[in-house]
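Single-letter residue listing:
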Amino acid sequence: MVFNSSIRVVDTRLMIDDLPVDAIARELETPLYLYSLKRIQENYRRLKAAFESVGARIHYSAKANSNAAILRTLVDEGAGIDAVSGGEIARALHAGAAAQDIVFAGVGKTAAEIASAVERGVGWFNVENELELQYINEAASSIGREKAQVALRFNPEVSANTHPHISTGHGGAKFGLTAGAIGDALEQSERFPCLSVCGIHVHIGSQLADSAATVQALAKTKQLIIPYPEIHTINLGGGFPVAYRHDQPIPSLENLVNRIAPHLHGYQVLLEPGRAIVADAGILVATVLYVKELAGKTFYIVDASMTELIRPALYGAQHEIVPLVQSNDERVLAQVVGPVCESTDVLAIDREMARLQVGDQVAIMTAGAYGMAMASNYNSRARPAEAVVAVAGDSWSLSRRRETIEDLLRLEA
Ligand code: LLP
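A.B. asks: Talk me through the domain arrangement of the chain; I want residue IDs and the actual numbers.
C.D. replies: In terms of domain boundaries, the chain breaks down into domain 1 (7–36 + 279–409) and domain 2 (105–273). The centre of domain 1, based on its C-alpha atoms, is set 35 Å off from the matching centre of domain 2. The partner domain 2 presents eight residues to the eight residues of domain 1 that form the contact. Summed over both sides, the interface between domain 1 and domain 2 buries roughly 750 Å², with carbon and sulfur atoms accounting for 52% of that surface. Taken as a group, Y315, E320 and T366 account for 57% of the area that domain 1 buries against domain 2, more than any other trio of residues on that side. Inspection of the domain 1/domain 2 interface yields zero salt bridges. Linking domain 1 with domain 2 are two residue pairs in polar contact (both at pLDDT 80 or more), by the criterion used here.

A.B. asks: Can you explain unusual backbone geometry? Please cite residues and give values.
C.D. replies: Here the bond from T30 into P31 is cis, since omega is -5 degrees, no more than 30 degrees from zero. Inspection of the secondary structure puts P31 in the loop between helix 1 (21–28) and strand 4 (32–36). In this structure, E157 takes a positive phi of about 55 degrees despite not being glycine. A positive phi angle is found at Q207, which is not glycine, with a value near 55 degrees. Mapping Q207 onto the fold places it in the loop between strand 10 (195–201) and helix 8 (211–225). What makes Q207 buried here is its relative accessible area of 17%.

A.B. asks: Please set out the sheet that holds strand 3 (residues 19–20) residue by residue, giving values where relevant.
C.D. replies: Read across the sheet, three strands follow the order 1-2-3 without closing on themselves; strand pairing throughout is antiparallel. With partners counted over all chains shown, the strands left at the sheet margins are strand 1 (7–10) and strand 3, one partner each. Looking at chain direction, strand 1 and strand 2 (residues 13–16) are connected through four bridges and run antiparallel. Pairing of R8 across the sheet is with M15, part of strand 2.

A.B. asks: Can you break down helix 5 (residues 111–120) residue by residue, with the values?
C.D. replies: Inspection of helix 5 places I114, A117 and V118 among the buried residues, and these make up the whole buried set. Buried residues in helix 5, looked at end-on, bunch into an arc of 100 degrees, giving them a common side. Counted as exposed and oriented over 90 degrees from the buried face of helix 5: A112 and E119. Looking at the buried positions of helix 5, the neighbouring elements they touch are helix 4 (86–94), strand 7 (102–104), strand 8 (124–127) and helix 6 (130–142). Phi for G121, located one or two positions after helix 5, is positive at around 85 degrees.

Cut-offs applied
- Note that residues are indexed from 1 along each chain, following the sequence as it is written.
- Since the coordinates come from a predicted model, pLDDT governs what is reported: local features require at least 70, and pairs of side-chain atoms require 80 or more to be given and counted, while whole-chain, interface and lining totals use all residues.
- Side-chain metrics in this entry use all non-hydrogen atoms of the structure; hydrogen atoms and water are not considered.
- What counts as a domain boundary in this text is fixed by an automatic or database domain assignment.
- Contact between two residues is taken to exist if any of their heavy atoms lie within 4.5 Å; hydrogens are not considered.
- Once two parts are joined, some of their accessible surface, as seen by a 1.4 Å probe, is lost; buried area is that loss totalled over both.
- The term salt bridge refers to a side-chain nitrogen of Lys or Arg lying within 4 Å of a carboxyl oxygen of Asp or Glu.
- Here a polar contact is recorded for every N or O atom pair within 3.5 Å, except that within protein the pair must consist of a potential hydrogen donor and a potential acceptor, and residues adjacent in sequence are included only if both atoms are side-chain atoms.
- For the purposes of this entry, the term helix denotes a DSSP run of H or I that reaches at least four residues, the term strand denotes a run of E that reaches at least two, and both are numbered from the N terminus.
- Only protein chains enter the calculation, and the probe is 1.4 Å; a residue is then buried if its accessible area is under 20% of its type maximum, exposed if over 50%, and partly exposed in between.
- Here a strand pair is declared whenever DSSP counts at least two bridges between the two strands.
- An arc is given here, and it is the one of the directions from the helix axis to the C-beta atoms.

Spelled out as structure tokens, the structure:
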């Protein structure tokens, strides 16, 4: 079974690049996140090549996975970083990103975060509230910084055909500014002498399978900015979809580029992909703690849960689950659940999968995006370790150690 160019089953063993996953799991224990840096590099290069014709500059969306080794790999490839908090800006800088190559986005940036980003020389501010313009201008003026670059985030009132929890461009969403508010901001931009309001930002959601919505949003964006020649940059956000099943087709990027390219002529183009770069490069490895039968159903209770991967509980996401070593051909209908005291702590419902026993290990696939990044300490569970397989594919290293009970207690009086 081949998941992608880096992750596949060879004979009976799940491999990540040149390494058997079970050998790494034996040393590091579970639950464990494991990422292929080679696959991340390849995903980045594929996106870059697909958007070459429109000259797009990619800012990797750190919210998908802000692991330092991953950020370093992407920064070394030339990526900028899309950051949504002071914490993500700090991580980006720590990974070696130039401040100029960071986009600071987010619907609720604090004045302190803005001031710090201005001081550090962050390249772009994606603005979603009129008051932010004042904050950025004041911060820039107080340190004598000239012309902080601003992109206004437009809410185009276009519904993306995706899960409602990851849809952001419809009218009722909290994101962005209306066309009217953007017009007003542009008319009044001379009130902010330290700003260069020269970009427009539009991101209608994540896991966007339907390019028609993207094209519609872009067409509306163009209509809005045509009267304002000072707008020279269009930031299209992220949202490029990935396959969550190994046999699931995904829409071609080239088709999308062909459809949007005519609208982008003459503009500098920025992108903020997250999921498409890291999702399929990561797996979450877990061990079966118990097997039990209840109400005619088979439950596999594993040592990973909604605290390591919340996507199934939060969005009903379906991640494939495969044994690290396939020991039999028997298939069963199973419920894969975690130890957390919540009925929603379910990783797979009624899933046809390989029969497992206590002690068997499994990989929860396509967990590189919004997995560890959304992990929590609920139930006072220590967050898992993260390991990376080097770009060469033949060695691994621990990137972040497993949290300890001491880590959990450290901040309390
Ligand atoms: N730019 C903006 C303004 C965003 O809001 C997002 C994602 C991205 C870029 C990156 O989108 P991507 O390329 O990763 O689709 N936790 C959810 C996804 C939330 C996405 C939030 N914003 C999940 O696990 O599916």
